[in-house]
Amino acid sequence: MSFPQWKGLWDWSMKYADGTGASRFRPEDVDPEKMKWLEEALKHYMIDFSARMRDIKATLERDTSAAASASQQRQQGQGQQQAGGSDQGPVAGGGEEERVGAAAGSVAGSAAGDLEEREALLEELMDIVSSIDYARDLHKIGGLPVLLELLASPHPSLRWRTAEVV
């Protein structure tokens, strides 16, 4: 993401408004089309980092909660299969094992995309919290428990990115 050259804008502003005299700027004199363009340009470059951190936290929280519940369901399913004994044969027309295998295959296909998305979100979060003020805001919105949960991830790429954020 490219940010505008703020120093150049500052230098230009100081050259034309040094504070020693009254400003000659009158908003009525500005062409409405140019004013609209300026407002859109400024909105494009203004990012609400607090809102973005909330979005990232919500996505990571949803992913970790969903991953945890899916893992628990798989463990419960394995526990029920073991508790059921080995005297039960596969059910005609597919059986439970084939359904679980098919579901695991579809989860594995989307898991790679989810992993890359979470990695990208953590890298973006690293950039945001490099400012101590935003790091404090992340703590205030409850981002730390989500990050601590991600530190226990089975994926090393998520663990090191999370540790870097923390």
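What counts and what doesn't
- Residues numbered from 1 in each chain as written.
- Predicted model: local features only at pLDDT ≥ 70, side-chain atom pairs only at ≥ 80, totals over all residues.
- Heavy atoms only, no water.
- Helix = DSSP H or I, 4+ residues; strand = E, 2+ residues; numbered from the N terminus.
- Phe/Tyr/Trp six-rings, centres within 6.5 Å; stacked < 30°, edge-to-face > 60°.
- Salt bridge = Lys/Arg side-chain N within 4 Å of Asp/Glu carboxyl O.
- Buried < 20%, exposed > 50% of the residue type's maximum accessible area, 1.4 Å probe, protein only.
- Patch = residues over 30% accessible without salt bridge, like charges linked within 9 Å, V, L, I, M, F, W, Y side chains within 5 Å.
- Areas by Shrake-Rupley, 256 points an atom, 1.4 Å probe, with all protein chains shown as cover.
- pLDDT = per-residue confidence, 0-100.
- Contact = heavy atoms within 4.5 Å.
- Core = buried A, V, L, I, M, F, W, Y, C linked by side-chain atoms within 4.5 Å.

Going by what an unreviewed UniProt entry lists, the chain is known as Nucleotide exchange factor Fes1 domain-containing protein and is assigned to Astrephomene gubernaculifera.

**Q** Tell me about the environment of valine 129, and name the residues and values.
**A** Summarising the element assignment, valine 129 is placed in the loop between α4 (95-128) and α5 (132-140). Along the backbone, valine 129 and methionine 53 are 76 residues apart, and their C-alpha atoms lie at a distance of 9.0 Å.

**Q** Tell me what's going on with the packing of aromatic side chains, and back it up with residues and numbers.
**A** Taken as a whole, this structure holds one aromatic pair when the rule is applied. Consider the rings of phenylalanine 49 and tyrosine 134, whose centres lie 5.2 Å apart with planes at 65°: the pair is edge-to-face. A residue pair is termed long-range when its members are at least 10 positions apart, and phenylalanine 49 in helix α3 (residues 49-84) and tyrosine 134 in helix α5 qualify at 85 residues.

**Q** Tell me what's going on with the pattern of salt bridges, and back it up with residues and numbers.
**A** Tallied over the full model, the rule gives five salt bridges. For lysine 57, the salt bridge identified is with glutamate 61, shortest N-O distance 3.7 Å. Of this pair, lysine 57 and glutamate 61 are both found in helix α3, four residues apart, which corresponds to roughly one turn of the helix. Where glutamate 123 meets arginine 161, a salt bridge forms, and the shortest distance between an N and an O atom there is 2.7 Å. On the criterion of sequence distance, the pair formed by glutamate 123 in helix α4 and arginine 161 in helix α7 (residues 156-165) is long-range, its members being 38 residues apart. By relative accessible area, which is 35% here, glutamate 123 ends up partly exposed. A network of salt bridges, in which partner residues are shared, links Glu119, Glu123 and Arg161.

**Q** Can you tell me about a nonpolar patch on the surface, naming the residues and giving the values?
**A** Where nonpolar side chains cluster on the molecular surface, the patch consists of Trp6, Leu9, Trp12, Tyr16 and Tyr45 and spans about 590 Å² of accessible area. Of all the elements, helix α1 (residues 6-16) adds the most residues to the nonpolar patch, at four residues. Mapped onto the elements of the fold, tyrosine 45 is located in helix α2 (residues 32-45).

**Q** How would you explain the confidence of the model for the chain if you had to name every residue and give the values?
**A** Averaged over all residues, the pLDDT of the chain is 74; the fraction at 70 or higher stands at 66%. Overall, residues 85-109 carries pLDDT values under 50, and its contacts beyond four positions in sequence, including any with other chains, amount to two contacts.

**Q** Go over the environment of threonine 64, please, and point to the residues and values.
**A** Inspection of the secondary structure puts threonine 64 in helix α3. Once the C-alpha coordinates of threonine 64 and serine 153 are considered, the two residues, 89 residues apart in sequence, prove to be 8.7 Å apart. With near-sequence residues (within four places) excluded, threonine 64 lies in contact with Glu149 and Leu150.

**Q** An account of the nonpolar core is needed here, citing residue identities and associated values.
**A** Grouped together as the largest cluster of nonpolar side chains are 16 residues, with contacts concentrated most on Leu60, Leu122, Leu125, Leu138 and Val165. At the level of secondary structure, the elements contributing two or more residues to this core comprise α3, α4, α6 (143-150) and α7. The dominant element in this core, judged by the number of residues it contributes, is α4, at six residues. Excluding its chain neighbours within four sequence positions, the residues that come into contact with valine 165 are Leu122, Leu125, Met126, Val129, Leu138 and Leu147.

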